[in-house]
Amino acid sequence: MKSPNKKGVLFALVSSLLTLNFAISFPAEAAISCETGTVVYHPNNSLATCSLSQNVNVQVSSPTAGTSNFPCKAKSYIFFDEKGQFNSCELSEKIQIRTGNVVETCEVEYKIRVALSDKGILSIDCSAY
């Protein structure tokens with residue numbers, strides 16, 4: 001019985017590892033696009049605010065509330081806290097906020113404010129301004 005070609009086996013092993021490495025190591029892309037000259041940073045260099053150059057759908061996940069989606073409007077400001085967590089924006093679409101058995105409608109161009117406590121409790125506030 002003839003043994004397999006060692007160079008061929010080594011090549012197959014190395015090429016599969018390289019393929020795996022390239023598949024995993026692509027850098028993440030930015031989730032939002034800001035208007036030039038509108039970016040403001042917190043002292044720790046995390047994004048504080050900017051004017052959105054296009055509509056953005058922000059997802060906020062909480063262990064207690066699950067995932068919530070907030071459609072933020074282009075040409076309006078989006079805000080983040082010092083930890084880089086989404087804080088507020090102006091809505092590009094109408095949304096419904098369900099708190100227990102109560103459903104509140106938050107209209108287009110209303111400001112949405114989101115806070116996530118250390119215990120994972122999500123609070124959402126909607127107002128005309």
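Along each chain, numbering runs from 1 in the same order as the chain's sequence is written. Totals for whole chains, interfaces and linings use all residues, but because this is a predicted model, local features are given only for residues with pLDDT of at least 70 and pairs of side-chain atoms are given and counted only at 80 or more. Excluded from the side-chain calculations are hydrogens and water; all other atoms, namely the structure's heavy atoms, are used.

Peer 1: How do you make sense of the sheet that holds strand S1 (residues 40-41) when you look at a structure like this?
Peer 2: Picture the strands of a sheet paired through backbone hydrogen bonds; they go either parallel or antiparallel. Reading across from one edge, S1-S2-S5-S6-S9-S10 is the order of the six strands in this open sheet, with antiparallel pairing throughout. Edge strands, defined here as strands with exactly one partner in the open sheet, are S1 and strand S10 (122-127). Strand pairing is assigned whenever DSSP identifies at least 2 bridges connecting the two strands. By the criteria applied, helices consist of DSSP H or I runs no shorter than four residues and strands consist of E runs no shorter than two, each listed in order from the N terminus. Pairing between strand S2 (residues 47-51) and strand S5 (residues 77-80): three bridges, direction antiparallel. Looking at S5, one finds that Ser51 is bridged to Tyr77.

Peer 1: Just to check I follow, could you spell out the pairing of strand S7 (residues 95-99) for this structure?
Peer 2: Both faces of the sheet carry side chains from a regular strand, because those side chains alternate between them. Examined bridge by bridge, S7 and strand S8 (residues 102-106) share five bridges and lie antiparallel to one another. From the neighbouring strand, Ile95 faces S8, where its bridge partner is Cys106. Taken together, S7 and the strand that follows it, S8, pair antiparallel across an intervening segment of two residues, in which Gly100 is found at a positive phi of about 65°.

Peer 1: Help me understand the pattern of salt bridges in this model?
Peer 2: Pairing is possible between side chains of opposite charge, provided their charged atoms come close. The salt bridge definition used is simple: a Lys or Arg side-chain nitrogen within 4 Å of an Asp or Glu carboxyl oxygen. By the definition in use, this model includes five salt bridges. The partner of Lys73 in a salt bridge is Glu90, with the nearest N and O atoms 3.6 Å apart. One end of the pair, Lys73, is in the loop between strand S4 (66-72) and S5; the other, Glu90, is in strand S6 (residues 86-90), and 17 residues separate them in sequence. Remark: exposure states derive from per-residue accessible area (1.4 Å probe, protein chains only) relative to the maximum for the residue type, with buried under 20%, exposed over 50%, and partly exposed in between. By relative accessible area, which is 22% here, Glu90 ends up partly exposed.

Peer 1: How should I be thinking about unusual backbone geometry in this particular structure?
Peer 2: Negative phi is the rule for most residues except glycine; trans is the rule for most peptide bonds. Although it is not a glycine, Asn45 adopts a positive phi angle of roughly 70°. Along the chain, Asn45 falls in the loop between S1 and S2. The phi dihedral of Lys75 falls on the positive side, at around 70°, and the residue is not glycine.

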